[in-house]
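Spelled out from the first residue to the last, the chains are:
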Amino acid sequence: MKIKMAFFGALAGGAGVVGLYFGLGINWISLAIVGGVTLLSYIGAHFTATTGFGEFMRGWLIGLNAGLNGSLGVIVYSLLLGPAGVAVGAALGVLNFVTVFPVISRSEVFQGFLGWLCLLQPMSYLVAGLGLFFYLANLILHPVALITRTQYLRILGMRVDWKTGTFFQRGGLFSNMNPIDTAYNMGNFSFVDKAPGPWHIEHEAGHTLNLATFGSLFHLVGAIDENLTGGGANAFAERLAESNNPSTTQSNIIAMWT
Ligand SMILES: [Zn+2]
C-alpha cells in the first residue's frame, strides 16, 4: 500500500465532490458526472492497481464516495433528524474517508462499525436495498417451496457474519439465480447457491466493506468486471474483497482489509 499516494487521491476525490456540490448542486447533471467519473476511475484503478498511480486512484475513489456519503448523508438525515442529522451525515463521510489509512481499515473493530453502518451510507442504499428485497423475497417464497416441494425456492441455511453485519442465505430463488452457482454479495446481504460448496463468508463480507467504502456504482461495475469483461478473480473489486479472507490463496490481493 502506498499510503501517501492514496491519501492525496482521497483528498482530491473529496474536494472534487465538494466542488461539484457547491458548483452545480445535486441534479441529474452532477449525478451523471459523478457516475461517469466513477466508471472511468474504476477502469483506471483496475489497470494500474498497486502502482503509485493505482493507489492514487484507489484513494480518489474512496474520497469521491466519502464526499458523496457525507453530503447526501447530511441532506437525508437532516430531513429525518433535524440538526442532529448534520452530525450523522458528516460522521458517515468521515467513517468512509478514514478507510484510506490501512492501520484503520485493517482493524477488526473498525470493520465492525464500517460493515454495520454500511446500511446507513446513502451510496449503499441501492445495492443494500436490493439485497434486502432479495433476502425478504427468499424468506417469503420458502413456505411455498415447502408446500410445493420446489427445491429451487427452498432456503437451505442461514448464517451471519457478525463482524460486518452481513446476512447469508444458502438456497432460495435469488441465491440460485446466480449463473455460476457460487455466492454473491449485495452489501449486508449475501446469497449462496444451493449447489454444494463453501459459503465464501470472508470474501463476501469483504464486499460489504467495499460497498461501505466505494459505493453502489463501484459495486455494480465490479460485478461487470468480474463476470462480463473477463476480470474474474483479478477484477479490482475482487482483489479488494478477497483481502478480507485471512486464509486466501490468491497472490494478487490488494491488502486493504487484512
Ligand atoms: Zn467477489
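Residues numbered from 1 in each chain as written. Predicted model: local features only at pLDDT ≥ 70, side-chain atom pairs only at ≥ 80, totals over all residues. Heavy atoms only, no water.

A. Region of interest: the coordination of the zinc ion. For the zinc ion, every protein donor is listed as His 203 (NE2), His 207 (NE2), Glu 238 (OE) and Glu 238 (OE), and the spread of their distances is 2.0 to 2.4 Å. Classification of His 207 as buried rests on a relative accessible area of 10%. (Donors = N, O, S within 2.8 Å, 3.2 Å for Na, K, Ca; no water. Buried < 20%, exposed > 50% of the residue type's maximum accessible area, 1.4 Å probe, protein only.)

B. Local environment of the domain arrangement of the protein chain. Once the domains are mapped, the protein chain shows domain 1 (3-105) and domain 2 (126-244). The distance between the C-alpha centroids of domain 1 and domain 2 comes to 25 Å. Taken residue by residue, the interface counts 15 residues in domain 1 and 16 residues in domain 2. For the pair domain 1 and domain 2, the two sides together bury roughly 1200 Å², of which 70% comes from carbon and sulfur. (Domains from an automatic or database assignment. Contact = heavy atoms within 4.5 Å. Buried area = accessible area lost by both parts, 1.4 Å probe.)

C. Looking closely at the pairing of strand β1 (residues 155-161). Across six bridges, β1 lies against strand β2 (residues 166-171) in antiparallel orientation. Across the sheet, residue Asp 161 finds its bridge partner in β2, namely Thr 166. (Pairing = 2+ DSSP bridges. Helix = DSSP H or I, 4+ residues; strand = E, 2+ residues; numbered from the N terminus.)

D. Layout of empty space enclosed by the protein. Scanning the model with the defined rule gives one cavity of 30 Å³ or more in all. Estimates place the volume of the largest cavity at around 110 Å³. Sorting the residues of the lining of the largest cavity by element identifies α1 (3-24), α2 (28-48) and α3 (52-81) as the ones contributing at least two each. Across the lining of the largest cavity, the residue classes break down as eight nonpolar, three polar and no charged. (1 Å grid on protein atoms, 1.4 Å probe; cavity = no way out; pocket = protein on both sides within 12 Å on 5 of 7 lines; lining within 4 Å. Points joined across faces, edges and corners; volume = space filled by probe spheres on them. Nonpolar A, V, L, I, M, F, W, Y, C, P; charged D, E, K, R; others polar.)

E. Looking closely at the sheet that holds strand β4 (residues 189-192). The four strands are arranged β1-β2-β4-β3 in an open sheet whose pairing can be described as mixed. Two strands lie at the open edges of the sheet, namely β1 and β3 (183-186), each paired on one side alone. Between one strand axis and the next, the sheet turns by 20 degrees as a mean value, whatever way the strands run. Sheet topology places β3 next to β4; four bridges connect them, and they run antiparallel. In the strand pairing of β4, Ala 183 is matched with Val 192. Against the sheet, helix α9 (residues 201-227) touches β1, β2, β3 and β4, its axis set at about 40 degrees to β3. (Axes fitted to C-alpha atoms, helices over the stretch in contact; angles between N-to-C directions.)

F. Here's a closer look at the layout of surface pockets. There is about 760 Å³ of room inside the largest pocket. Lining the largest pocket we find 32 residues, and of these Ala 183, Tyr 184, Ala 223, Glu 226 and Asn 227 sit closest to its centre. With 13 residues, the top contributor of residues to the lining of the largest pocket is α9. Of the residues that constitute the lining of the largest pocket, the class distribution is 16 nonpolar, 12 polar and four charged.

G. The pattern of salt bridges, seen in detail. Applying the stated criterion across every chain yields a total of two salt bridges. Here Lys 163 makes a salt bridge to Glu 108, at a shortest N to O gap of 3.5 Å. Of this pair, Lys 163 sits in the loop between β1 and β2 while Glu 108 is found in helix α6 (residues 108-117), placing the two residues 55 residues apart along the sequence. By relative accessible area, Glu 108 is classed as partly exposed at 49%. (Salt bridge = Lys/Arg side-chain N within 4 Å of Asp/Glu carboxyl O.)

H. Looking closely at the nonpolar core. Grouped together as the largest cluster of nonpolar side chains are 43 residues, with contacts concentrated most on Phe 218 and Phe 236. Other than its neighbours up to four places away in sequence, Phe 218 contacts Thr 38, Tyr 42, Leu 61, Phe 236, Ala 237 and Leu 240. Core analysis: the second largest hydrophobic core is formed by five residues, Ala 183, Val 192, Trp 199 and Ile 201 among them. (Core = buried A, V, L, I, M, F, W, Y, C linked by side-chain atoms within 4.5 Å.)

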